[in-house]
Structure formats: C-alpha cells, structure tokens
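Observations on the three-dimensional arrangement
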Amino acid sequence: MDGDNQSENSQFLLLGISESPEQQQILFWMFLSMYLVTVLGNVLIILAISSDSHLHTPMYFFLANLSFTDLFFVTNTIPKMLVNFQSQNKAISYAGCLTQLYFLVSLVTLDNLILAVMAYDRYVAICCPLHCVTAMSPGLCVLLLSLCWGLSVLYGLLLTFLLTRVTFCGPREIHYLFCDMYILLWLACSNTHIIHTVLIATGCFIFLTPLGFMTKSYVRIVRTILQMPSASKKYKTFSTCASHLGVVSLFYGTLAMVYLQPLHTYSMKDSVATVMYAVVTPMMNPFIYSLRNKDMHGALGRVLRRPFQRPK
C-alpha cells in the first residue's frame, strides 16, 4: 500500500454522530458530565490507594494504574469532542488524528493487559495464598506493569505506522466522535486488505490471549472456592473477584461488538458500542471497584474528609 504524499497536509472533519445543533448541545452537556465524573472517580481512586498504606498491595497497585490509564484514555478523546460540539470548525489535522489513534490503541491495549495481570493476582491470592508474598513481590509487580506498557506502546506504534501507508482521497468526513481505526480504513481509497488482516490477526492475539488467560485463572479460582467448607467464606472470597469480573465483562463485551467483525460490515451504528467502551467503561470502573469494597470505602472517606479537617 502506497502512502499518500499529501496526507501530512490534509485534515479530517470530525462531524460526530449528529449535525443537529439542539442534539449537539445535549451531547455536549452529556459528555461533559460523563468526563467530569470519570476524572473525579479515577482521581479519587488513585488518591485513596496512594494515601492509604493498607491498600499498598498488588491488587490495588494495578487498580491505581488501571484508573490512571482510564483517566488518560478519556482525556485523549473527550476534550476534542466537547470542542467540536461548540465549534463550527470540526477539523482535526492528519497528524492530530494519528496521534489520537495511537493513544486510543495503546491505552485500550494497556487496559486489557492490566486486567489480565489483575486476574493473575486474584488467582495467586485465592489458589496459592501461602506463596502470595513471593509470587506477587513488588519487583514482579513493577516488571509486569512495565511489560504491559511496553507491549501497548509497540502495538500502538505498529497499527499507527500501518495506517500511514493508507491513501485517503475524496471527502474526509468522519461521522464519528474521534479518529478510530475502522473508520479511517473505511474512508481509505487504497487497498486495505493487508492492514485489515494484520489488524484482525494481531487484535485476536493481543486481546483474546489475555482473555483466555483470565478464563483459565477464573476456572481455577471457582474450583478452589467450591472446595471451601464454609458458605460465608465462599461468598467472601468470590466477592473479591466480583468487581474485576464486572469490569472485564463490560470491557470485552463492548470491544467485541466493535472490532471483532469484518471491515465491510462496519457502520455508524457501531458508534454506540464505541461510546460504551471509550466513555462509559472508564466512568463505571471506579464505581464498580468501590461499590462493595469496605477498604476502598474507608480510604475514599478519609480522602474526602481531609480538606474539611482542621489542622491540629
């Protein structure tokens, strides 16, 4: 596939999912509210974990990094959406579009890998409790997180580089909220068969392999829980996994709706699923993880009370 020599000077128009001024105002306030809730929720999670020594464990270490990733993820897309809702100029430069796409791919991949590592942490804590300290040492946790970051960065660079070899011609109007890989391939006028094949092959590996690992981990976790003699202990142990399972189900469910399909079947109706994984999932994660977690309740309460406490 030959690159477009004029791509660097071209622009795309992010027209969004509605051109009605009334609907755009509704969407502006809706996305602004969701963005503020997402930022507040994830910042509170990070502050609570970093300020409470009782939460300095592998599970909360990865949860704090998941919140950081979600915070960065929504900041990559929503502010530009909000500007477009209020502005007549909805253009985004070619370089800006590729930059947005790079961070989108990298951060979705990072979310996916961190969720897999969190499943491994739950497996070790429940199935191998006597080896938990050595199996999830601080050094190993940092190493696992570094590997997650490294793979995510490389995968984002790979897909972004492949997209630079695609030629765009004719109208570059994107009836979408941000620069998405499938939308850009849909607009291309050069042959995208190779890049789409690479996208499906690498996507299945980078996302389905961790999903398979998580499934295997939870099969072993369920077996261990079923062998516990006390019903109350079974419930208590499973409740430590419920939040993670909820986030995994939401993440993979919305992701599969958008990306595990042939390019020719992709349409604007998939924007609803994209909004789910790009906006709703990062917003819901803090609520899911803190809803029934007494440790998080206590830490969040101390963070929220601190500004109102008088210094002694």
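Rules used in this analysis
Residues numbered from 1 in each chain as written. Predicted model: local features only at pLDDT ≥ 70, side-chain atom pairs only at ≥ 80, totals over all residues. Heavy atoms only, no water. Helix = DSSP H or I, 4+ residues; strand = E, 2+ residues; numbered from the N terminus. Buried < 20%, exposed > 50% of the residue type's maximum accessible area, 1.4 Å probe, protein only. Contact = heavy atoms within 4.5 Å. Areas by Shrake-Rupley, 256 points an atom, 1.4 Å probe, with all protein chains shown as cover. Core = buried A, V, L, I, M, F, W, Y, C linked by side-chain atoms within 4.5 Å. Disulfide = S-S within 2.5 Å. pLDDT = per-residue confidence, 0-100. UniProt positions renumbered as here; feature names shortened; annotations may be inferred. Pairing = 2+ DSSP bridges. Phe/Tyr/Trp six-rings, centres within 6.5 Å; stacked < 30°, edge-to-face > 60°.

**Concerning the overall build of the protein chain**
If you tally the helices and strands in the protein chain, you get ten helices and three strands. The helix and strand sequence of the protein chain, counted from the amino end, reads β-α-α-β-α-α-α-β-α-α-α-α-α. Across the 312 residues that make up the protein chain, the buried fraction comes to 49%. Residue pairs at least 24 apart in sequence account for 80% of intrachain contacts in the protein chain once pairs closer than 6 positions are excluded. Carbon together with sulfur atoms contributes 68% to the accessible area of the protein chain, which is approximately 15,800 Å² in total.

**A few points about the nonpolar core**
Counting residues in hydrophobic clusters, the biggest one holds 94 residues, and the most contacted among them are Phe12, Phe31, Phe62, Leu115, Leu163, Ile174 and Leu184. Broken down by element, the residue count for this core peaks at 19 residues, all from helix H3 (residues 94-127).

**Quick notes on the state of the cysteines**
Here the structure, examined in full by the defined rule, presents one disulfide. Covalent S-S linkage joins cysteine 97 and cysteine 179, the inter-sulfur distance amounting to 1.9 Å. On the S-S bond that ties cysteine 97 to cysteine 179, the torsion sits near -120°, and the link is left-handed. You can see cysteine 97 sitting in helix H3 and its partner cysteine 179 sitting in the loop between strand E3 (173-174) and helix H6 (181-187), a full 82 residues away along the chain.

**Description of the confidence of the model for the protein chain**
When the pLDDT values of the protein chain are averaged, the result is 82; 88% of them are 70 or greater. Considering only residues more than four positions removed or in separate chains, one finds that residues 1-8, a stretch of pLDDT under 50, has 19 contacts.

**Digging into the UniProt feature "transmembrane region" (unreviewed entry) in the protein chain**
Within the UniProt annotation, "transmembrane region" (unreviewed entry) is assigned to residues 26-48, 60-79, 99-120, 140-163, 183-214, 235-260 and 272-291. Between the C-alpha atoms that bound residues 60-79 there is a distance of 28 Å. The span itself is 100% helix and 0% strand. Between the first and last C-alpha atoms of residues 140-163 the distance is 35 Å; the span itself is 100% helix and 0% strand.

**Here we look at the sheet that holds strand E1 (residues 11-14)**
A sheet is described by the order of its strands in space; here three strands give the open sequence E2-E1-E3, paired in mixed fashion. Two strands in the sheet have a free side with no partner beyond their single neighbour: strand E2 (91-93) and E3. Judged from the two bridges that link them, E1 and E3 form a sheet pairing that is parallel. Residue pairing for E3: leucine 13 is matched across the bridge by glutamate 173.

**Re the packing of aromatic side chains**
Taken as a whole, this structure holds eleven aromatic pairs when the rule is applied. Between phenylalanine 12 and phenylalanine 168, the aromatic rings sit 5.2 Å apart at their centres with planes inclined by 90°, giving edge-to-face as the arrangement. Of the two residues, phenylalanine 12 is situated in strand E1 and phenylalanine 168 in the loop between helix H5 (138-163) and E3; the sequence distance between them amounts to 156 residues. On the basis of relative accessible area, phenylalanine 168 is assigned to the buried category, the value being 4%. Taking 5.3 Å as the distance between ring centres and 85° as the angle between the ring planes, the aromatic pair formed by phenylalanine 251 and tyrosine 252 counts as edge-to-face. For phenylalanine 251, a relative accessible area of 3% translates into the label buried. Pairwise contacts between aromatic rings join Phe68, Phe72, Tyr102 and Phe103 into one cluster.

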